[in-house]
Amino acid sequence: MTRQQVSPAPITLDGIHRFDDSLPDDAVCLVTGGASGIGRALAIAAAANGLTVAATDVNREGLAETVDRCEELETAGSVRPIVGDLTSDRDVERIVVEAAELGRLTFLANVAGVQHVDSIESFPMDVYDRMQRIMLRAPLYLTKLCLPHFRESTEGCVGNMASVHGHYVTSDKVAYNVSKFGIRGLTRSIAAEGDGSIRSFSVSTGYVKTPLVADQIEATAEQRGISAEDVVSDVMQGQARVDELMEPIDVANLFLLGFSDHGRHLNGGDLLFDGGMTTTYE
Ligand code: NAD
C-alpha cells in the first residue's frame with residue numbers, strides 16, 4: 001500500500017501544460033536525471049512543448065525508456081539520450097558538448113539527485129562527498145559550461161531542483177539538506193551574474209511520487225522507529241495541508257513555466273510548491 005501511494009500515474013499528453021508560444025522553437029534543453037522521476041517527466045514535457053531535449057543520466061536503460069515514452073506519445077520535439085556520470089568532470093564536459101551539437105543550447109535543468117538517510121555522527125563522508133558532487137558541484141560545472149552558449153545566443157535559463165529541504169530541514173539527511181540550501185545559493189549567484197536575459201530559478205516541492213522517495217521509506221522507518229505507513233502520512237505528508245503527494249509531471253510543468261516567457265521576471269527566485277508544508281503548522 002505504501003509503495004502504491006508513492007507510485008506516479010503514467011505520463012500522458014493531457015497532463016503536460018503547453019507553453020509552445022512562449023518558448024523558443026529552436027532551443028535545446030539539457031535535463032539531468034532524465035532516466036527517472038522528475039527528470040524523466042521534464043524531458044518528456046519539454047519534448048511535448050517542441051524543445052529538443054538532451055536527457056542525461058548514469059542509467060542507460062532508464063534513458064531508453066524516456067525516449068520510448070516520447071516516441072509513444074509522438075512528441076513534437078525529440079529526446080537525445082546522453083549517458084554520463086555527474087561525479088566525473090570529463091563526463092560533465094562531454095555532456096555539454098553533445099547537448100550543444102543538437103542545436104541552440106538555451107535551457108539547463110539540474111534535476112539529478114540522490115538521498116542517504118543517516119545521522120550526522122554516522123554519516124559516511126564518502127557518501128557525503130558523492131552527494132555534493134552530484135547535487136551541487138555538477139550543477140555549478142554544467143552552468144559554467146553552458147553559460148558561453150547562452151551568451152552566444154543572448155538568452156538562457158538554468159532551472160535547479162531544490163526542495164522543501166532547501167527551506168527547512170529534517171533530521172538524518174544532512175548531505176541532502178546542505179545541498180538543497182546550496183543549490184538555492186547557486187540559483188541566486190547565476191541570477192546575479194546574468195543580465196536578465198540569462199536567468200535562473202529553483203523549484204522547491206515537498207515529496208513527489210518517485211523512486212527516490214519510495215526507496216527511503218524503509219530507512220526512514222527504521223531510523224525513526226515508526227511504520228512505513230507512518231513515514232508516508234507523518235513524515236512525507238508532514239505539515240502539508242494538501243493531502244496528496246505531487247506527481248513528477250506537476251513538477252515538470254513548473255520548470256517549463258520558469259523557462260518560458262511567462263517566467264521572465266522569475267530570476268534567482270524559488271517556486272515553492274509544497275502544499276503548505278514549510279509555511280504552516282498545527
Ligand atoms: P529519481 O531517483 O527518480 O531520479 C534521480 C535520477 O538521478 C536517477 O535517474 C539517477 O540515475 C540520476 N542520478 C543519480 N546519480 C547520478 C549521477 N552520478 N550521474 C547522473 N545521474 C545520476 O529521483 P527524483 O525524485 O526524480 O529526484 C530528482 C530531483 O528532485 C533530485 O534532485 C531530488 O533531490 C529532487 N526532489 C525530489 C523530491 C521527491 O520527493 N521525489 C522532492 C523534492 C526534490
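Structural data are supplied above this passage.
Quick summary incoming for the structure in this document.

Scoring rules and cut-offs
- Residues numbered from 1 in each chain as written.
- Predicted model: local features only at pLDDT ≥ 70, side-chain atom pairs only at ≥ 80, totals over all residues.
- Heavy atoms only, no water.
- Helix = DSSP H or I, 4+ residues; strand = E, 2+ residues; numbered from the N terminus.
- Rg over C-alpha atoms; globule rule 2.2 N^0.38 Å.
- Buried < 20%, exposed > 50% of the residue type's maximum accessible area, 1.4 Å probe, protein only.
- Contact = heavy atoms within 4.5 Å.
- Areas by Shrake-Rupley, 256 points an atom, 1.4 Å probe, with all protein chains shown as cover.
- Lys, Arg positive; Asp, Glu negative; His and termini not counted.
- Charge placed at Lys NZ, Arg CZ, Asp CG, Glu CD.
- Near = heavy atom within 4 Å.
- Polar contact = N/O pair within 3.5 Å; in protein donor to acceptor, adjacent residues only side chain to side chain.
- Nonpolar A, V, L, I, M, F, W, Y, C, P; charged D, E, K, R; others polar.
- Pairing = 2+ DSSP bridges.
- Axes fitted to C-alpha atoms, helices over the stretch in contact; angles between N-to-C directions.
- Expected span 1.5 Å × (residues − 1).
- Salt bridge = Lys/Arg side-chain N within 4 Å of Asp/Glu carboxyl O.

### As for the overall build of the protein chain
The helix and strand inventory of the protein chain stands at 10 helices and 7 strands. The C-alpha radius of gyration computed for the protein chain amounts to 18 Å, which stays within 12% of the reference 19 Å derived for 282 residues, consistent with globular compactness. Overall, the protein chain is about 55 × 40 × 35 Å in size when its C-alpha atoms are taken along their principal axes. Residues classed as buried in the protein chain amount to 54% of the 282 residues present. Of all intrachain contacts in the protein chain linking residues separated by at least 6 positions in sequence, the fraction that spans at least 24 positions is 77%. With an accessible surface of roughly 12,700 Å², the protein chain has 49% of that area assigned to carbon and sulfur atoms. Charged side chains of the protein chain number 23 positive and 41 negative; the gap between the two group centres comes to 5 Å.

### A short note on the site of the ligand
Near the ligand, the surroundings consist of 30 residues, among which Ser36, Asp57, Tyr176, Val208 and Thr210 are the closest. With respect to the ligand, the backbone of Ile38 contributes an N or O atom lying 2.8 Å from an oxygen atom. In isolation the ligand has 830 Å² of accessible area, and contact with the protein removes 93% of it. Mapped onto the shell around the ligand, the elements with two or more residues apiece are helix 2 (37-48), helix 5 (125-153), helix 6 (174-193) and helix 7 (211-214). For the shell around the ligand, the element with the highest residue contribution is helix 7, accounting for 3 residues. In the shell around the ligand, the residues fall into 16 nonpolar, 10 polar and 4 charged.

### Looking at the sheet that holds strand 7 (residues 269-273)
Spatially, the 7 strands line up as an open sheet ordered 3-2-1-4-5-6-7, and their pairing is parallel. Only two strands of the sheet have a single neighbouring strand rather than two, namely strand 3 (79-83) and strand 7. Direction aside, the axes of adjacent strands within the sheet are offset by 20° on average. Strands in contact with helix 3 (residues 60-73) are strand 2 (52-57) and strand 3; relative to strand 3, the strand with the most contacts, it is inclined by about 180°. Against the sheet, helix 6 engages strand 5 (156-161), strand 6 (198-205) and strand 7, with an angle of about 160° to strand 6.

### Comments concerning helix 6
Look at helix 6: 29 Å from first C-alpha to last across 20 residues, which is about the 28 Å you get at 1.5 Å a residue. Among the structural elements, helix 5, strand 5, strand 6 and strand 7 are those in contact with the buried residues of helix 6.

### Quick word on the pattern of salt bridges
Under the counting rule described, the total for this entry stands at 11 salt bridges. Note that Glu98 is salt-bridged to Arg94, the shortest N-O span being 3.4 Å. Here Glu98 and its partner Arg94 are both found in helix 4 (residues 89-100), 4 residues apart, which amounts to about one turn of the helix. For Glu98, a relative accessible area of 28% gives the class partly exposed. Linking Arg264 and Asp261 is a salt bridge whose minimum nitrogen-to-oxygen distance equals 3.5 Å. By sharing partners, the salt bridges in this structure join Asp26, Arg104 and Glu155 into a single network.

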